[in-house]
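What follows is the residue order along each chain.
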Amino acid sequence: MSEGTSEVLVVERLQKSFGTVKAVEEISFRVRAGEVFTIIGPNGAGKTTTLEMIEGLQRPDAGSITILGKAWDQQRHDIKQRIGVQPQTSALFDLLTVEENLRTFASFYKRSLPVEGILEDVNLTDHRNKRVKALSGGQKQRLAIGLAMINDPDLIFLDEPTTGLDPQARRNIWDIILKLRKSGKTTVLTTHYMEEAHKLSDRVCIVDQGKVVALDTPQALIAQLTKEREIRLLFADGDEAASDSERFALNDEAVTRVKRTGNQLTVWSTQPEATLYHLFGFTSERAFVIDQVSIREMSLEDVFIAFTGKAWRD
């Protein structure tokens with residue numbers, strides 16, 4: 001995405017306290033048109049409060065929010081017409097059908113998309129006459145996203161849209177988000193799933209203790225950490241073979257550290273392919289048998305732990 005891309009959301013120095021608790025200390029970021037911008041952070045980091053302020057549900061103590069060039073104080077009605085919101089707890093009408101829910105929400109806006117198209121987009125055409133209370137969790141989430149799309153918004157907020165869903169239902173939601181991006185929509189996403197953030201996001205914003213601690217593309221965030229990679233070898237010959245290989249690996253200039261647990265050897269190297277080539281030469285010469293070998297790339301989870309000091313929990 002080029003630097004000249006227009007910005008649809010500008011958040012400047014947001015602050016919010018509840019009594020003596022500072023939920024958001026000072027958060028600033030900008031979201032570009034057409035991107036999937038994902039906010040992640042540990043529980044209590046200020047993600048939901050930040051999102052609620054941006055959506056107009058909470059008033060900031062300080063700072064400013066500009067959505068599509070408009071401010072909540074002056075142009076609240078206009079902003080509501082141009083954004084779509086799928087909250088964590090969706091307000092669905094349980095006794096109405098899927099189609100009736102969509103038509104009801106469409107009536108709230110000056111403009112709306114054809115219901116048939118939304119049903120197709122969220123893969124609920126076959127369930128259009130089913131009451132909401134009879135839907136599965138995944139179907140309800142798809143309907144909630146459909147309701148957020150019904151007014152053809154320029155900016156869509158999806159707050160943990162796949163939490164609690166099975167893997168297949170989660171991937172169905174991913175398909176919808178990718179379709180939104182392909183159609184040029186801008187999506188602000190929060191998620192508890194690191195793989196989801198990595199696969200869907202153009203940029204990821206990591207929030208911790210009410211502040212932005214990192215913001216970039218998933219690839220750039222990972223590259224910031226280190227150039228080293230992790231090599232794992234499991235020896236069929238037991239602890240002694242692993243121990244001998246550990247001593248050999250420590251003499252490799254590209255190796256930054258080594259860890260051995262029984263017959264498993266873990267080696268971190270800035271040149272993993274070359275290090276593995278040398279290790280294979282050594283183990284072949286000694287006739288050591290290796291059961292398993294792998295090179296692990298650094299992940300967004302490693303980035304999260306490095307910047308927040310907290311383990312990630314799905």
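Since we're looking at a predicted model, the values are computed, not measured.

## Some details on the nonpolar core
Here is step 1: Of all hydrophobic cores here, the largest spans 30 residues; its most connected members are Val 98, Leu 102, Leu 143, Met 149, Ile 150 and Ile 177.
Here is step 2: Those elements that place two or more of their residues in this core are α3 (98-106), α4 (115-121), α5 (137-149), β6 (155-159) and α6 (167-182).
Here is step 3: Per-element tally for this core: the top contributor is α6, with 6 residues.
Here is step 4: Excluding residues that lie within four positions of it along the chain, Ile 150 makes contacts with Leu 102, Phe 105, Ala 106, Tyr 109, Arg 111, Ser 112, Leu 113, Val 115 and Ile 118.
Here is step 5: Within the second largest apolar cluster, 26 residues are counted, among which are Ala 23, Leu 51, Met 53 and Val 207.

## Digging into helix α10 (residues 272-285)
Residue pairs spaced three or four apart in an α-helix point in one direction, given the helix's 3.6 residues per turn.
Here is step 1: Its 14 residues give α10 an end-to-end C-alpha distance of 20 Å, which sits within 8% of 20 Å, the value for a rise of 1.5 Å per residue.
Here is step 2: Of all the residues in α10, the buried ones are Pro 272, Thr 275, Leu 276, Leu 279, Phe 282 and Thr 283. For α10, the angular spread of buried residues about the axis comes to 125°, placing them on one side. Projecting away from the buried face of α10 at angles above 90 degrees are the exposed residues Glu 273, Tyr 277, Ser 284 and Glu 285.
Here is step 3: Contact partners of the buried residues in α10: β10 (229-235), α9 (239-249), β11 (255-261), β12 (264-269) and β13 (290-296).
Here is step 4: With its phi angle positive at about 60°, Ala 287 sits one or two positions after the end of α10.

## Digging into unusual backbone geometry
Here is step 1: For Leu 68, which is not glycine, the phi torsion reads 55° and is therefore positive.
Here is step 2: Residue position: Leu 68 is located in the loop between β4 (62-67) and α2 (72-82).
Here is step 3: Phi angles above zero are rare outside glycine, and Asp 152 is one such case at about 55°.

## Digging into the pattern of salt bridges
Here is step 1: Counting across every chain of the model gives 22 salt bridges.
Here is step 2: Across the salt bridge formed by Glu 99 and Arg 128, the nearest N and O atoms sit 2.9 Å from each other. Of this pair, Glu 99 sits in helix α3 while Arg 128 sits in the loop between α4 and α5, and the two are 29 residues apart along the sequence.
Here is step 3: Here the residues in one salt-bridge network are Glu 99, Arg 103, Glu 116 and Arg 128, joined through shared partners.

## Considering the packing of helix α8 (residues 218-225) against helix α11 (residues 300-308)
Here is step 1: Where α8 contacts α11, the two axes come as close as 9 Å, and the packing angle between them is 60°. Classified by the angle their axes make, α8 and α11 are oblique. Here the hand of the crossing between α8 and α11 comes out left-handed. On α11, the residues that touch Pro 218, Leu 221, Ile 222, Gln 224 and Leu 225 of α8 are Leu 300, Asp 302, Val 303, Ala 306 and Phe 307.
Here is step 2: In the contact of α8 with α11, the residues fall into 8 nonpolar, 1 polar and 1 charged.

## Re the packing of aromatic side chains
Here is step 1: Counted by the stated rule, this structure contains 6 aromatic pairs.
Here is step 2: Judged by centre distance (5.4 Å) and plane angle (55°), the rings of Phe 105 and Phe 108 are tilted.
Here is step 3: Judged by relative accessible area, Phe 105 falls into the buried class, the value being 17%.
Here is step 4: Given a relative accessible area of 46%, Phe 108 falls into the partly exposed group.
Here is step 5: Members of the aromatic cluster, joined through ring pairs, are Phe 235, Phe 248, Phe 282 and Phe 288.
Here is step 6: We note Arg 170 situated over the ring of Tyr 193; from NZ or CZ to the ring centre the distance is 3.6 Å.
Here is step 7: Arg 257 extends its terminal NZ or CZ atom over the ring of Trp 268, reaching a point 3.9 Å from the ring centre.

## Quick notes on the packing of α3 against α5
Here is step 1: Close contact between α3 and α5 brings their axes to 9 Å; oriented N to C, the two are set at 25°. With respect to α5, the axis of α3 lies roughly parallel. Note on packing geometry: the crossing formed by α3 with α5 is right-handed. Residue-level inspection shows Val 98, Asn 101, Leu 102 and Phe 105 of α3 in contact with α5, the latter providing Leu 143, Gly 146 and Leu 147.
Here is step 2: Classifying every residue of the contact of α3 with α5 by side-chain character gives 5 nonpolar, 2 polar and no charged.

## Brief notes about the environment of Thr 217
Here is step 1: Structurally, Thr 217 is set in the loop between β9 (211-216) and α8.
Here is step 2: Beyond its immediate chain neighbours, meaning those up to four positions away, Thr 217 contacts Asp 202 and Arg 203.
Here is step 3: Looking at Thr 217, its side chain comes within polar contact range of the main-chain nitrogen of Ala 220, at 3.0 Å.

What counts and what doesn't
- Residues numbered from 1 in each chain as written.
- Predicted model: local features only at pLDDT ≥ 70, side-chain atom pairs only at ≥ 80, totals over all residues.
- Heavy atoms only, no water.
- Core = buried A, V, L, I, M, F, W, Y, C linked by side-chain atoms within 4.5 Å.
- Buried < 20%, exposed > 50% of the residue type's maximum accessible area, 1.4 Å probe, protein only.
- Helix = DSSP H or I, 4+ residues; strand = E, 2+ residues; numbered from the N terminus.
- Contact = heavy atoms within 4.5 Å.
- Expected span 1.5 Å × (residues − 1).
- Arc of directions from axis to C-beta.
- Salt bridge = Lys/Arg side-chain N within 4 Å of Asp/Glu carboxyl O.
- Axes fitted to C-alpha atoms, helices over the stretch in contact; angles between N-to-C directions.
- Parallel < 35°, antiparallel > 145°, perpendicular 65-115°, else oblique.
- Left-handed = near helix turned anticlockwise from the far one by under 90°.
- Nonpolar A, V, L, I, M, F, W, Y, C, P; charged D, E, K, R; others polar.
- Phe/Tyr/Trp six-rings, centres within 6.5 Å; stacked < 30°, edge-to-face > 60°.
- Lys NZ or Arg CZ within 6 Å of the ring centre and 35° of its normal.
- Polar contact = N/O pair within 3.5 Å; in protein donor to acceptor, adjacent residues only side chain to side chain.

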